[in-house]
Number of protein chains: 2
Amino acid sequence: MLDFEIKYKDAMARIGTFKTPHGEVTTPNLMPVVHPGKQTIDVKKFGAEIVITNSYIIFKNEKLKEKALKDGVHELINFPRTIETDSGSFQLSVYGDIDITNEEVIEFQEAIGTDIGTSLDIPTAPYVKREEAEDDLKITIERAKEASKVRKNLLLNSVVQGSTFPDLREYCAKEISKFDADIYPIGAVVPLMEMYRYADLVDAVMYSMRGLPEDKPRHLMGAGHPMVFALAVAMGCDLFDSAAYILYANKDRFMMPDGTLKLENLIEMPCSCKICTEHNVDELKQMPQEQRAKLIAEHNLYISFAEIRRIRQAIVDGELMKLVELRCRSHPFLLDGLRRLQEYKDDMEKLNPSSKKSAFFYTGYESLSRSEVSKHIKKLENITPKSENLVILPHTSKPYSKHVNKEYIKKYTPKIPTFYSNTNNQDFQNSDIVIADIPFGIIPLALDEFYPLAQNESPSIPDENSKKFVRELIQSYTNKYENVLIHRKVIENYDLNGFKLMEKDLILPEAKVSDFIRLKEIADYQFGSGSGEILFGNNPEKITIEKSRKTGKIRHVYENDANIVNMRASDGFLVLSDLGAIRLHKHLKSPKMRVVVSEDSEPYAIKGKSVFNKFVLDCDENIRRNDEVLIVNKDDKLLACGKSLLSSYEIKDFNMGQAIKTRKIKNIEELI
Amino acid sequence: MLDFEIKYKDAMARIGTFKTPHGEVTTPNLMPVVHPGKQTIDVKKFGAEIVITNSYIIFKNEKLKEKALKDGVHELINFPRTIETDSGSFQLSVYGDIDITNEEVIEFQEAIGTDIGTSLDIPTAPYVKREEAEDDLKITIERAKEASKVRKNLLLNSVVQGSTFPDLREYCAKEISKFDADIYPIGAVVPLMEMYRYADLVDAVMYSMRGLPEDKPRHLMGAGHPMVFALAVAMGCDLFDSAAYILYANKDRFMMPDGTLKLENLIEMPCSCKICTEHNVDELKQMPQEQRAKLIAEHNLYISFAEIRRIRQAIVDGELMKLVELRCRSHPFLLDGLRRLQEYKDDMEKLNPSSKKSAFFYTGYESLSRSEVSKHIKKLENITPKSENLVILPHTSKPYSKHVNKEYIKKYTPKIPTFYSNTNNQDFQNSDIVIADIPFGIIPLALDEFYPLAQNESPSIPDENSKKFVRELIQSYTNKYENVLIHRKVIENYDLNGFKLMEKDLILPEAKVSDFIRLKEIADYQFGSGSGEILFGNNPEKITIEKSRKTGKIRHVYENDANIVNMRASDGFLVLSDLGAIRLHKHLKSPKMRVVVSEDSEPYAIKGKSVFNKFVLDCDENIRRNDEVLIVNKDDKLLACGKSLLSSYEIKDFNMGQAIKTRKIKNIEELI
């Protein structure tokens, strides 16, 4: 069994690690294809932790076979770390028939000491008739089952097939997941990439993901162009393999993260790598082909591994989707892939962390489909009107509540210095106030320091899709209110008609939110409608709020001397303290915010020890990485609270690693 | 005098060369800032052809001054190639006063053997009061004038100032251009870049460009972050200077073409350069600060020069705007800069080549503002209705006329196998047929092989701006026609209402264009309305068309035995032959397509020798690089024809280099 552990998360991407008999592998990663007989480039020096080679080629060549059986495949290809082998499926798809059975190929891979072997699946081409895809799939699934029985210590690849029928991909993924393979490659997608059918690639991958467990790495088979890595990683792919670095080099092609450059067209070496800085174009052109191909292959490996590192860094920074959006503009059909991905917003959101290190940078209207935006729209439902009136103001600098007065006065009401004494102020003071802005559409003023509503940037010149998005959100949000007053600027910006302008177009001088209201609204938004009242009641005088001297932001909230919540400075999230956890547990019905742990782990949770995935019996499906959770036993008794390190979907699938960073509740034993 | 020569063009960008007493410099280029006393990094090994150092720092330090005066500045900073020096304007802007006059600083720079010196301009900060900017400007212009008189052999920088008042930038540029400087820096833009006010930067640069001559390099002063290079180059900036490589390194910051990464946040080295592949993050973190800063500075130089090379390659490939659009998504405010640039469509088009090597790749709706699109819309005016009926069809694969039948039948009319016998065919056959598509909106079927109407790709999932663009273009184009029939698919795709659907929604089986009509329509589009008739008359039987056996495309067109035009395979442009040139010259009125050459050069032109810029008296302002032109004398006698290598705006400004690649017209002497 392969133990995969997640270290960092962003979108559906994971930085993880797994161990094989020949070392640790970090994902996402690239497995250079090493030819068992003809390899000239030593991929170790580029940082390869894992390579892929073909067991069928070894099997078919007497000399290679003999050496592999005698000395092992690691000795054969001179690579001491993890080796994955392919089974000959590719040859099967090309020649129609090969002279080895599924059982034999598994046994052979085991015999030569492969770390990760592959069953003999049927790679069905894209766009075939459904019947053909279904027939092939039966065999693929059957062989996956057989392979899982035949293998002994071999770690096992089980390939998702299903051609371009998304439902077959999902079906296949679900079926083969039953046989406990260790890595799930997604197969037969090379033709889609060769035809630049990236939208169909997205369908194939995303439907496969729906059927695959979260606790195993997935390998996008045959994907070796760095242009596609970021998109694939964001969809949950962990491994790539590249024969492309040498195939492209043999045709004098330089891979770049934004496309391919042909030597014949070059006047300048295109990148910052050793090859590109130590050689010039003329020199390369005059070189013997073989020598040149080796250098270009090295460039291709440098750039491919650099892209893998860049992607990992983006995951850590919580900026992967920005990188994906940049990379996908390299080709209009890759952009099509990105646009198709918009249809999988819900899939993406299920695995996306609630809070990230970096600000949300808008790169184009496609950014409006990121999980942060979909999640905000969903969470807006938690906000209940506190008044019959809604006032919608245009955006200022962030956080809005700090700028909503002085900037407005300067910018939008320069000619009316007397607005402070405006008689309508009273009406406005009793209104709910929201800001209209891209990319989050509507932001209640009280939430203006909550991640990512404060931590985002978009261009000041809006595009039509973004305007339409804000317009539609305003239209649906205003249904909750009897009176809606909109500032002239908002109406202009988003072409809104049929709304009542703000009286005399004045700005509410007291467009401020009291700390008490702010706290309650954040609680509603973060934990669900009504949570504010549960936590803080209705009497502001009972509540003591401590603020940071430096930033003026809320830090600690007490009732009498009991700490209810604290506010995390980095993202404005409320962090439950003892009283807060107890109150939410009492009033929010199960399964809300719950992580249910097994009996054996109760004592550990009570002591504040981390909750491990294997002890989790169940959890609220709305939990995401960085969310606050209530740790309970199967009778819904509160044991502790904490911060989730994973999404509910991961917690359910994983048997390894930490799920929750627990915080002890004082004297909780007495309360149970 | 600095002789600047253009080698390649794309957008407003140029790959050019100029010579100084210390060697040739290729543009675009980066001038690393070298400190005259404290430099530790040898920038030569990164490929620097030109550096910048500060003459005022040398002047103020007795030791440096003495050595510089004795051995020259090249010896002082150990750099044998071109050196530019700054004048102390920066120090002036910081300290308010410095103890050297404009005259002295020019003389000093001359004395120490600087190649390119700078006058003591006044760098006015952005967003100051207009009066302050105007007052400063007077001094800057005065000093530019003085400097041009004082300098002897020194090549001279003359800086464009004007703060954030675009009109002052243009005014300044025009004024200082009168004094024959050699390079035009655009000054005091660093604060704009530091504040991420890229939209205002675009205004400052584009208005400066309106006032600057085309035949001198422009230097975006203080721009040293690779993130901004592509955008600046596309606006016509040729030189950058970077102290940033070392300043960023001192703060542990890695420059990337898509932003900046801080070492403290890194888990992986971010790029493919030598530093990033030979060191790891932990190693760097543990190093002494000075040693680490040196390595990061080297990374910064590797990545900056790689970006310069990447940009040059993009210019050669005609793909610069794609690169700009990618880079500008690195930060929302850089995207704002790109969106602001849309307002300068006309400026851009004036210098953009008519035909390029690469296909037009759409990266987002911002691509609709590229010169190719604006130019197409303008050229559509050349097309006169040939019928009262217009039929608008949805797009197929390209070229449209090859796919318009079979793909349509399969895709849109699968249920009607009898459409061939449809009685309405006759109506359709008498109609003008256009295709609706992104990014060119409307494409007359006859033009479907003309660059870039065939050579472009956009995603199949359209955005709202693109839909709006096509919709508006359809609405304005259809004004020319009495009856407009639109295919259902077009109406759906672009939300068009109030148009008559195609009868029974059938597809014209003969949606083909005859070669004769195709030729005439291309001629109208390429050379102007009526040119088709001028060139080919009205009787198809008089015209012989030779096609390529391999591609089936038109190659040569004759009347009797006389060659009228040939068609260039790469872009579908008509290339004038003797008869074609004579006919167009006879019927198109001057200045259309004309390049007027001086008397001395007449004999050379007649012999088919290249026309040099210095011999051009005047030319049609609509001429762009790769356009066909008629070479005439000042009495409008036809001398030869040819292909322009530059835009009319460049031809007018340049005194150096080739303007036209001439083609001899047989027996032209007899015709004059």
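Looking now at the pairing of strand 1 (residues 4–10) of chain B. The two faces of a sheet get side chains in turn, since along a regular strand they alternate between them. All names here are of chain B. Alignment of strand 1 against strand 2 (residues 13–20), held across six bridges, turns out to be antiparallel. Within strand 2, the residue paired with K9 across the bridge is R14. Hairpin connection from strand 1 to strand 2: two residues lie between these consecutive antiparallel strands, with A11 at a positive phi of about 50 degrees.

Our next topic: the packing of helix 6 (residues 130–150) of chain B against helix 7 (residues 166–177) of chain B. Residues and elements named next belong to chain B. Running from N to C, helix 6 and helix 7 point in directions that differ by 15 degrees, and their axes come no closer than 10 Å. Relative to helix 7, the element helix 6 lies roughly parallel. Considering only the axes of helix 6 and helix 7, their crossing is right-handed. Here helix 6 contributes R130, A133, E134, L137, I141 and A144 to the contact with helix 7, which in turn contributes D167, L168, Y171, C172, E175 and I176. In the contact of helix 6 with helix 7, the residues fall into eight nonpolar, no polar and four charged.

Here we come to unusual backbone geometry. All names here are of chain B. With an omega of -10 degrees, the peptide bond running from T27 to P28 counts as cis. Mapped onto the elements, P28 comes out in the loop between strand 3 (23–27) and strand 4 (29–32). Of note, the bond from S590 into P591 is cis; its omega dihedral lies within 30 degrees of zero at 10 degrees. Positive phi outside glycine occurs at Y127, with the angle close to 60 degrees. For Y127, the location among the structural elements is in the loop between strand 7 (116–118) and helix 6. For M593, which is not a glycine, the phi torsion comes out positive at approximately 65 degrees.

A separate point is the nonpolar core. Counting residues in each nonpolar core, the largest one holds 213 residues, and the members touching the most others are F240(A), F536(B) and L576(B). When residues in this core are grouped by element, the largest group, twelve residues, is from helix 14 (residues 289–317) of chain A. F4(A), F108(B), V202(B) and I315(B) belong to the second-largest nonpolar core, a separate cluster that totals 211 residues.

With that settled, the discussion passes to the relation of the copies chain B and chain A. Each of the two copies of the chain can be brought onto the other by a rotation about an axis and a shift along it. Note on the identical chains: chain B maps onto chain A by a rotation of 180 degrees and an axial translation of 0.0 Å, with an RMSD of 0.0 Å. Expressed as an axis order, the relation between the two copies is that of a two-fold axis. Every residue of chain B has its C-alpha some distance from the rotation axis, and the shortest such distance is that of C273(B), at 2.1 Å. Interface residue correspondence from chain B to chain A reaches 100%, placing this contact among same-surface, isologous pairings.

With that settled, consider the sheet that holds strand 16 (residues 432–437) of chain B. Residue and element names in this part refer to chain B. Strands sit in the order 17-16-15-19-20 across an open sheet of five strands; the sheet is mixed. Of all strands in the sheet, those bounded by a partner on one side alone are strand 17 (441–444) and strand 20 (500–501). Looking at chain direction, strand 15 (residues 389–394) and strand 16 are connected through five bridges and run parallel. Each bridged residue has a counterpart across the sheet, and for P394 the counterpart in strand 16 is A436.

Time to look at the interface of chain B and chain A. On the side of chain A, 55 residues touch chain B, which itself brings 55 residues to the contact. A buried area of about 4,900 Å², summed over both sides, lies between chain B and chain A, and 53% of it is on carbon and sulfur atoms. Between chain B and chain A we count eight salt bridges in total. The salt bridge involving E464(A) is made with K468(B); its shortest N-O contact spans 3.2 Å. Where chain B meets chain A, there are 33 residue pairs in polar contact (both at pLDDT 80 or more). Those elements that provide at least two residues to the side of chain B that touches chain A are helix 12 (274–278), helix 14 (289–317), helix 15 (320–327), helix 16 (332–341) and helix 22 (464–477) of chain B. Taken together, the residues of the side of chain B that touches chain A break down into 26 nonpolar, eleven polar and 18 charged.

What counts, and where the lines are drawn
Residues numbered from 1 in each chain as written. Chains lettered and ligands numbered in written order. Predicted model: local features only at pLDDT ≥ 70, side-chain atom pairs only at ≥ 80, totals over all residues. Heavy atoms only, no water. Pairing = 2+ DSSP bridges. Helix = DSSP H or I, 4+ residues; strand = E, 2+ residues; numbered from the N terminus. Axes fitted to C-alpha atoms, helices over the stretch in contact; angles between N-to-C directions. Parallel < 35°, antiparallel > 145°, perpendicular 65-115°, else oblique. Left-handed = near helix turned anticlockwise from the far one by under 90°. Contact = heavy atoms within 4.5 Å. Nonpolar A, V, L, I, M, F, W, Y, C, P; charged D, E, K, R; others polar. Core = buried A, V, L, I, M, F, W, Y, C linked by side-chain atoms within 4.5 Å. Buried < 20%, exposed > 50% of the residue type's maximum accessible area, 1.4 Å probe, protein only. Least-squares fit on C-alpha atoms with pLDDT ≥ 70 in both. Buried area = accessible area lost by both parts, 1.4 Å probe. Salt bridge = Lys/Arg side-chain N within 4 Å of Asp/Glu carboxyl O. Polar contact = N/O pair within 3.5 Å; in protein donor to acceptor, adjacent residues only side chain to side chain.

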